[in-house]
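Residues per chain, in single letters:
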Amino acid sequence: MSAANLSSGPEPTPDHGDLMPESDEDIGFTRLDRAIVWLGKKLSLVFAVIVLVSFYEIVRRYVFDSPTLWVHETVTFAGASLFVLGGLYALATDRHVRIVLLYDAVSPRVQRWLRVVHHLLGLAFCGMMLYASWFMAKGAVRAPWGGWRLETSGSAWNPPFPAFLKVIILLAIVIMTAQFVLHLIRDLRRPASAGEKDNV
């Protein structure tokens, strides 16, 4: 080992570039959040598939005058599903809508209690959405006479995408409810930080 290496101190950790998150917010706060972030990053590749499939449809329609039956509904279903799941990702990474002008202007202690209020309001929202999405999903997969029947789009292709999407919405709301509960517990149990103590 050279003198230069001895004087430079410990070797720096490898630079992972953009592969590593900049903060804990980028990887989630709980195990559930981290699982959602991991899955969300994998599912984000579906957007690339949507672009390719849409380009395929454009070529078929306008170059070969042979449009498909399945592309439009498939792309719409995939995009809508990702949009629904995007809410889980936004909450997991703390990227949801927030009035930062007010949030950033208050002390850490007030920020903590604003988060608690946010979680409680989020749980109230999820409660109403659970009620609505349960009946919506139930109606999409069960016939009025009690048998199993998937709601379809009613088009010439007629896939059961509406039923699948409504079930995905219900599952997303269930998971979001669990996220809000875990975030509420975290903020209620978290010990006061130095900034909070200074402002007490």
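These numbers were taken from a predicted model, which means no experiment stands behind them.

Some words on the confidence of the model for the protein
In this model, the protein carries a mean pLDDT of 83, and residues with pLDDT of at least 70 account for 80%. Below a pLDDT of 50 lies the segment residues 1–21, which in the model reaches 3 contacts outside its immediate sequence neighbourhood of four places, other chains included. Confidence drops under a pLDDT of 50 for residues 194–200, and excluding neighbours within four residues, the segment shows 8 contacts in the predicted structure.

Overview of the packing of aromatic side chains
Under the definition given, this model contains 5 aromatic pairs. For the ring pair Tyr-131 and Phe-135, a centre distance of 5.0 Å and an interplane angle of 70° mean the geometry is edge-to-face. Separated by 4 residues within a single helix, Tyr-131 and Phe-135 lie in helix α6 (residues 108–141), roughly one turn from each other. Judged by its relative accessible area of 58%, Tyr-131 is exposed. Each ring, one from Trp-157 and one from Phe-161, has its centre 5.6 Å from the other, and the planes form 80°; the classification is edge-to-face. In this structure Trp-157 comes out as partly exposed when scored by relative accessible area, which is 36%. Here Phe-161 falls in the buried class, since its relative accessible area comes to 16%. By the ring-pair criterion, three or more aromatic residues cluster together here, those being Phe-77, Trp-157, Phe-161 and Phe-164. Sitting over the face of the ring of Trp-113, Arg-112 holds its NZ or CZ atom 5.9 Å from the ring centroid. Sitting over the face of the ring of Trp-148, Arg-142 holds its NZ or CZ atom 4.7 Å from the ring centroid.

Observations concerning a nonpolar patch on the surface
On the surface, Tyr-56, Leu-69, Trp-70 and Trp-157 cluster together into a nonpolar patch covering about 410 Å² of accessible area. With respect to the helices and strands, the residue Trp-70 is situated in the loop between α3 (45–62) and α4 (71–92).

Quick word on the pattern of salt bridges
Applying the stated criterion across every chain, the model contains 4 salt bridges. Residues Glu-57 and Arg-61 are paired through a salt bridge, measuring 2.9 Å at the closest nitrogen-oxygen approach. Note that Glu-57 and Arg-61 are positioned in helix α3 at a spacing of 4 residues, about one turn of the helix. Accessibility expressed as a relative area gives 9% for Glu-57, which makes it buried. Residue Arg-61 is classed as partly exposed on the basis of its relative accessible area, which comes to 36%.

Thresholds applied
- Residues numbered from 1 in each chain as written.
- Predicted model: local features only at pLDDT ≥ 70, side-chain atom pairs only at ≥ 80, totals over all residues.
- Heavy atoms only, no water.
- pLDDT = per-residue confidence, 0-100.
- Contact = heavy atoms within 4.5 Å.
- Phe/Tyr/Trp six-rings, centres within 6.5 Å; stacked < 30°, edge-to-face > 60°.
- Helix = DSSP H or I, 4+ residues; strand = E, 2+ residues; numbered from the N terminus.
- Buried < 20%, exposed > 50% of the residue type's maximum accessible area, 1.4 Å probe, protein only.
- Lys NZ or Arg CZ within 6 Å of the ring centre and 35° of its normal.
- Patch = residues over 30% accessible without salt bridge, like charges linked within 9 Å, V, L, I, M, F, W, Y side chains within 5 Å.
- Areas by Shrake-Rupley, 256 points an atom, 1.4 Å probe, with all protein chains shown as cover.
- Salt bridge = Lys/Arg side-chain N within 4 Å of Asp/Glu carboxyl O.

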